[in-house]
Every structure is written in structure tokens, then in C-alpha cells.
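# A structural walkthrough
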Amino acid sequence: MHSFGYRLNGLLTFAVTVLALMCAITSLSDNFNTPSPSAEIKIMNINWFQKQPQGHDEVSLTMNVSADLQSLFTWNTKQVFIFVAAEYET
Ligand SMILES: *[C@@H]1O[C@H](CO)[C@@H](O)[C@H](O)[C@H]1NC(C)=O
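Throughout what follows, the structure given in this document is the object of discussion. Here the structure is a predicted model, which means the values were calculated and not measured.

## What about the packing of aromatic side chains?
What the rule picks out here adds up to two aromatic pairs. Between phenylalanine 49 and tyrosine 88 the ring centres are 5.7 Å apart and the planes differ by 85 degrees, which places this aromatic pair in the edge-to-face class. Of this pair, phenylalanine 49 sits in strand β1 (residues 38–51) while tyrosine 88 sits in the segment after β2 (57–68), and the two are 39 residues apart along the sequence. By relative accessible area, which is 47% here, phenylalanine 49 ends up partly exposed. Measuring from ring centre to ring centre gives 6.1 Å for phenylalanine 81 and phenylalanine 83, while their planes differ by 35 degrees; the resulting arrangement is tilted. Phenylalanine 81 gets classed as exposed once you look at its relative accessible area, which sits at 70%.

What counts, and where the lines are drawn
Residues numbered from 1 in each chain as written. Predicted model: local features only at pLDDT ≥ 70, side-chain atom pairs only at ≥ 80, totals over all residues. Heavy atoms only, no water. Phe/Tyr/Trp six-rings, centres within 6.5 Å; stacked < 30°, edge-to-face > 60°. Helix = DSSP H or I, 4+ residues; strand = E, 2+ residues; numbered from the N terminus. Buried < 20%, exposed > 50% of the residue type's maximum accessible area, 1.4 Å probe, protein only.

In C-alpha cells form, the structure reads like this:
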């Protein structure tokens with residue numbers, strides 16, 4: 001009854017059960033995190049603005065981007081993708 005195989009089986013079963021519980025708890029805990037990122041962009045300089053022969057405009061800007069993304073980073077964050085979208089009136 002208390003052979004090496006039985007003890008190893010019991011130990012492995014216990015370890016896998018504890019691991020599964022820890023995974024479930026950590027996965028559920030991410031739902032309580034409410035990220036609140038903030039960002040501020042200032043255009044420092046418009047280097048050049050050209051109308052292209054193909055019909056679209058092309059602009060080179062110097063921007064000052066300040067962002068607080070700390071709240072996005074939890075144990076479950078693998079990657080954060082950030083982009084800037086710009087609109088202008090002609
Ligand atoms: C960019 O903005 C930040 C915060 O608004 C400011 O502290 C910093 O001096 C600015 N940098 C430049 C180059 O203006």
C-alpha cells in the first residue's frame with residue numbers, strides 16, 4: 001500500500017492539483033485589475049508637409065509623447081501595443 005509508486009502517484013497528484021488551483025486563482029485575479037493608462041502628446045514641430053504626386057499628403061512631425069502605462073502591466077501582460085493616430089483638416 002505504501003510502495004514507492006503509490007507515494008509518487010500521490011505526490012504528483014497533489015502537486016498538479018495545487019498547480020491547477022494556483023493557475024485558476026491567478027487567472028481569476030486578473031479580472032479585478034482595472035487598467036487606467038494615460039497619455040499626453042504634444043506636437044513640438046512640423047518639420048515638413050508635402051503633397052505627394054500620388055494624391056496623399058506626407059508630414060514629418062516631432063512629438064513629445066508622455067504616457068503612464070504602469071497599470072497595464074500585471075503578471076498576465078505579455079505585450080502592449082501602442083500606436084498614434086493623427087487626423088487633420090484640409
Ligand atoms: C515632454 O513633455 C514632458 C511632460 O509634459 C516634459 O517633462 C518634457 O520636458 C518634454 N520634453 C521636451 C523635449 O519638451
